Amino acid sequence: MKRLIALFVISFLVITPNTQAAPKKIVVNTLKLLTTIGLPTEVSGVVISGKNFVVFGTQNSLAYAKAVDSNGNELWKLQLDQSQASMASAAVVDSAGDIWIAGVTPVAAAVSATPSPVINPDNAVMPPITFIGDLKTLTIWKVSSTGTLAATYTSPASNVILPTSITLNGSGLAIVGSMAGEKLNAGFIIFMNSSGLFSKTLQIGLASTTIESVTRNTDKTFTLVGSSGETIAGRKLAGLIDGVIIKVSKSLRITSVVRSSISKGKRIWNTTTPSLLLGGEVVVRNKSEVAVTKFSSRYVPTWTHRFPGAGPAFTTGSTQLLFLSNGAIRELVWNPKTPTALLITFNSKGVISAADSAPVGQRLLVGSLESKDLGPVVVTSSADLVSIFVRNTR
């Protein structure tokens, strides 16, 4: 009888499937080239207005914007500024399809009492020279969906500035970025209301702080992310460089600071979304990784991942991460020989559900977007061209 029971148990073990077997790895799909949009030196970013892509950046030292359709046909192109030099570096689209572009323009030119002699045998008209150090005026351009410059708003600063991110709602715009001077390397946030009036600038840090991205919270406060190598609002440095999450009130006062640190390492948060999905970089000695973390409204991590790769890391919505992958990922059939742009999609619990890659040779990341018509959109750059990729649905 015991022998019969033993044989029964053995046979049950043989025919019962192993419920603890490793899950099947996900195959990485190849993204499809939609169109090319310009030179790497000229494109700062891309936003979506309706069914079209609006490209913005700096061309021949002047800020510009243009719209292209999904076939790459140019619909309109606009020089944003008439000064000697300008830059466009961040943008957002409102519910009407209008584009709000943030950039910098020169301060008003000062006249020298004793101008230096200039050799000019042909008596040619010499245009004034503008240096990067002159770009101290925050400038907001409002452009209609049809390519008309509707308005320009300016706010002079005392230091060189560079807007990096912009968010909006019905009451106005919040712009964040970096400011630099002789002994200054800080972040900032400034608000512009719907009438075009600017608030005072809130400087964040002094010598070693950058602000990369901003989003507006449901309680009308702001979440800013970036990095810092100094004390911010009483929160001291923990690593070499810490990733920082900073909550700012609607009156532009810092109300909390969360530091993500690693011993003897560097952390940077590159992007955040309204759902507080953050993407960033982790560097310890010679090891480089990309981190993605979903936070609650109180900045408590819900789930997190680290992958071998390099930043910047771009997040979209509550489910997508774009980065340059340079190593195997356990959940994927994936082990690139060279750094390759990889878009990973997660479910609501942080489990990987899909992955898509751009072709080899796309060595820089410009951004990631979500289109109602096309789904996930990836913008990358090779040595020669900036390209837009979408999922291959064939």
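Our structure's up above, just so we're on the same page.
Since this is a predicted model, take the numbers as computed values, not measurements.

Engineer: Would you take a moment to explain the environment of Glu42 for this structure?
Structural biologist: Here Glu42 lies in the loop between strand E3 (32-38) and strand E4 (43-49). Glu42 sits 15 residues away from Gly57 along the chain, and the two C-alpha atoms are 5.5 Å apart. Those residues in contact with Glu42 that lie beyond four places of it in its chain are Phe56, Gly57, Thr58, Gln59 and Tyr64.

Engineer: Help me out: how do you make sense of the sheet that holds strand E15 (residues 202-204) in this one?
Structural biologist: Hydrogen bonds between backbone groups are what pair the strands of a sheet, and the pairing can be parallel or antiparallel. Taking strand neighbours across the sheet as the criterion, the four strands line up as E12-E13-E14-E15 in an open arrangement whose pairing is antiparallel. Two strands close off the open sheet at either side, each with one partner strand: strand E12 (160-169) and E15. Looking at each pair of strands side by side, their axes are set apart by 20 degrees on average, direction ignored. Here E12 pairs with strand E13 (residues 172-181) via nine bridges, running antiparallel.

Engineer: In this structure, what is going on with the pattern of salt bridges? I would like to understand it.
Structural biologist: Side chains that carry opposite charge are capable of pairing whenever their charged atoms lie near each other. A full pass over the atoms with the stated rule returns six salt bridges. Here Lys247 makes a salt bridge to Asp219, at a shortest N to O gap of 3.5 Å. With Lys247 in strand E18 (residues 242-248) and Asp219 in the loop between strand E16 (209-216) and strand E17 (222-228), this pair connects stretches of sequence that are 28 residues apart. Residue Asp219 is classed as partly exposed on the basis of its relative accessible area, which comes to 41%.

Engineer: When you look at the pairing of strand E24 (residues 320-325) in this model, what are you seeing that I'm missing?
Structural biologist: A regular strand places its side chains on the two faces of the sheet in alternate fashion. Counting buried positions along E24 yields six of six residues, so the element is predominantly enclosed. As defined by bridge partners, strand E23 (residues 301-316) adjoins E24 across five bridges and the pair is classed as antiparallel. Residue Gly309 lies in a different strand from E24, and its bridge partner there is Ser325. What sits between the antiparallel neighbours E23 and E24 is a turn of three residues, in which Gly317 has the positive phi angle 60 degrees.

Engineer: Honestly, the packing of aromatic side chains in this entry has me stumped. Any pointers?
Structural biologist: Both the distance between ring centres and the angle between the ring planes are used here to describe each pair of aromatic rings. Enumeration according to the criterion identifies five aromatic pairs in this entry. Residues Phe191 and Phe222 carry aromatic rings whose centres are separated by 6.5 Å and whose planes lie at 50 degrees to one another, so their mutual orientation is tilted. Of this pair, Phe191 sits in strand E14 (residues 184-193) while Phe222 sits in strand E17, and the two are 31 residues apart along the sequence. Both residues of the pair, Phe191 and Phe222, belong to the buried class. A cation over an aromatic ring shows up here: Lys77 above the ring of Tyr64, its NZ or CZ 5.4 Å from the ring centre. Positioned above the aromatic ring of Trp269 is the side chain of Arg267, whose terminal nitrogen or guanidinium carbon lies 5.0 Å from the ring centre.

Engineer: What should I look at first to understand the side chain of Ser49 in this one?
Structural biologist: With respect to the secondary-structure elements, Ser49 resides in strand E4. Judged by relative accessible area, Ser49 falls into the buried class, the value being 8%. A polar contact is formed between the side chain of Ser49 and the backbone oxygen of Gly97, at a distance of 2.7 Å. The residues contacting Ser49, other than those within four sequence positions of it, are Val54, Val93, Gly97, Ile99 and Ser145.

Procedures and definitions
- Residues numbered from 1 in each chain as written.
- Predicted model: local features only at pLDDT ≥ 70, side-chain atom pairs only at ≥ 80, totals over all residues.
- Heavy atoms only, no water.
- Helix = DSSP H or I, 4+ residues; strand = E, 2+ residues; numbered from the N terminus.
- Contact = heavy atoms within 4.5 Å.
- Pairing = 2+ DSSP bridges.
- Axes fitted to C-alpha atoms, helices over the stretch in contact; angles between N-to-C directions.
- Salt bridge = Lys/Arg side-chain N within 4 Å of Asp/Glu carboxyl O.
- Buried < 20%, exposed > 50% of the residue type's maximum accessible area, 1.4 Å probe, protein only.
- Phe/Tyr/Trp six-rings, centres within 6.5 Å; stacked < 30°, edge-to-face > 60°.
- Lys NZ or Arg CZ within 6 Å of the ring centre and 35° of its normal.
- Polar contact = N/O pair within 3.5 Å; in protein donor to acceptor, adjacent residues only side chain to side chain.

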